[in-house]
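Chain by chain, the residues run as shown.
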Amino acid sequence: LDEVEEAAECNVVPVQPRVWAVSGARIEKAAAMTNWDYHEAQERFQRIMGALGVSAALKRAGAENGDTIMVGAVDFKYYEETAMAVRARLAGYGDREEEEELGEGEG
């Protein structure tokens, strides 16, 4: 029941194509308390999103990797990935779009 109640506290609304607003007291408080300058804090916020059912709600609503998510006064890119993948992305590894663009020119 706790998970259902927590998920119900989260509201996901499309703002425009590829932009989503997420509201809910707990997720907004977590976003406000996150120090976005540190990737460890960003990873923690990602885990909080999962625990509160926000990630699942975004996925059900149709959010895709790279979409902009707005929570309170914070906005960030949505990525459905593991903590290891987050670290790799933040370090500049694994950008599939760039790899595909580079690969298209080779023959």
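Here goes a summary of the coordinates provided. (Residues numbered from 1 in each chain as written. Predicted model: local features only at pLDDT ≥ 70, side-chain atom pairs only at ≥ 80, totals over all residues. Heavy atoms only, no water.)

Comments concerning the nonpolar core
In this structure, Val22, Ile27, Val54, Leu58 and Ile69 are the most contacted members of the largest nonpolar core, which totals 20 residues. Those elements giving two or more residues to this core turn out to be strand 2 (19-23), helix 2 (25-33), helix 3 (39-51), helix 4 (54-61), strand 3 (68-71) and strand 4 (74-77). (Core = buried A, V, L, I, M, F, W, Y, C linked by side-chain atoms within 4.5 Å. Buried < 20%, exposed > 50% of the residue type's maximum accessible area, 1.4 Å probe, protein only. Helix = DSSP H or I, 4+ residues; strand = E, 2+ residues; numbered from the N terminus.)

Some remarks on the sheet that holds strand 3
Taken in spatial order, the four strands make up an open sheet running 1-2-3-4, and their pairing is mixed. Since the sheet does not close on itself, it has two edges, and those belong to strand 1 (11-16) and strand 4, each with one partner. Going from strand to strand, the sheet's axes swing by 25° on average, the running direction of each strand aside. Bridge analysis of strand 2 against strand 3 gives four bridges, and the strand direction is parallel. Each bridged residue has a counterpart across the sheet, and for Ala21 the counterpart in strand 3 is Met70. (Pairing = 2+ DSSP bridges. Axes fitted to C-alpha atoms, helices over the stretch in contact; angles between N-to-C directions.)

So, helix 3
With 13 residues, helix 3 should reach 18 Å at 1.5 Å per residue; the first-to-last C-alpha distance of 18 Å fits that figure. Taken together, the buried positions of helix 3 are occupied by Ala41, Glu43, Phe45, Ile48 and Met49. At the C-terminal side of helix 3, Gly53 shows a positive phi close to 85°. (Expected span 1.5 Å × (residues − 1).)

A few points about the environment of Arg87
Along the chain, Arg87 turns up in helix 5 (residues 83-90). On the accessibility criterion, Arg87 (36% relative accessible area) is partly exposed. In this view, Arg87 contacts His39 and Glu43; residues no more than four positions away in its chain are not counted. (Contact = heavy atoms within 4.5 Å.)

Comments concerning the pattern of salt bridges
A complete count under the given rule lists one salt bridge for this structure. Here Arg18 makes a salt bridge to Asp67, at a shortest N to O gap of 2.4 Å. With a gap of 49 residues between them, Arg18 in the loop between strand 1 and strand 2 and Asp67 in the loop between helix 4 and strand 3 connect regions that are remote in the sequence. On the basis of relative accessible area, Arg18 is assigned to the partly exposed category, the value being 43%. Under the relative-accessibility criterion, Asp67 is labelled buried at 2%. (Salt bridge = Lys/Arg side-chain N within 4 Å of Asp/Glu carboxyl O.)

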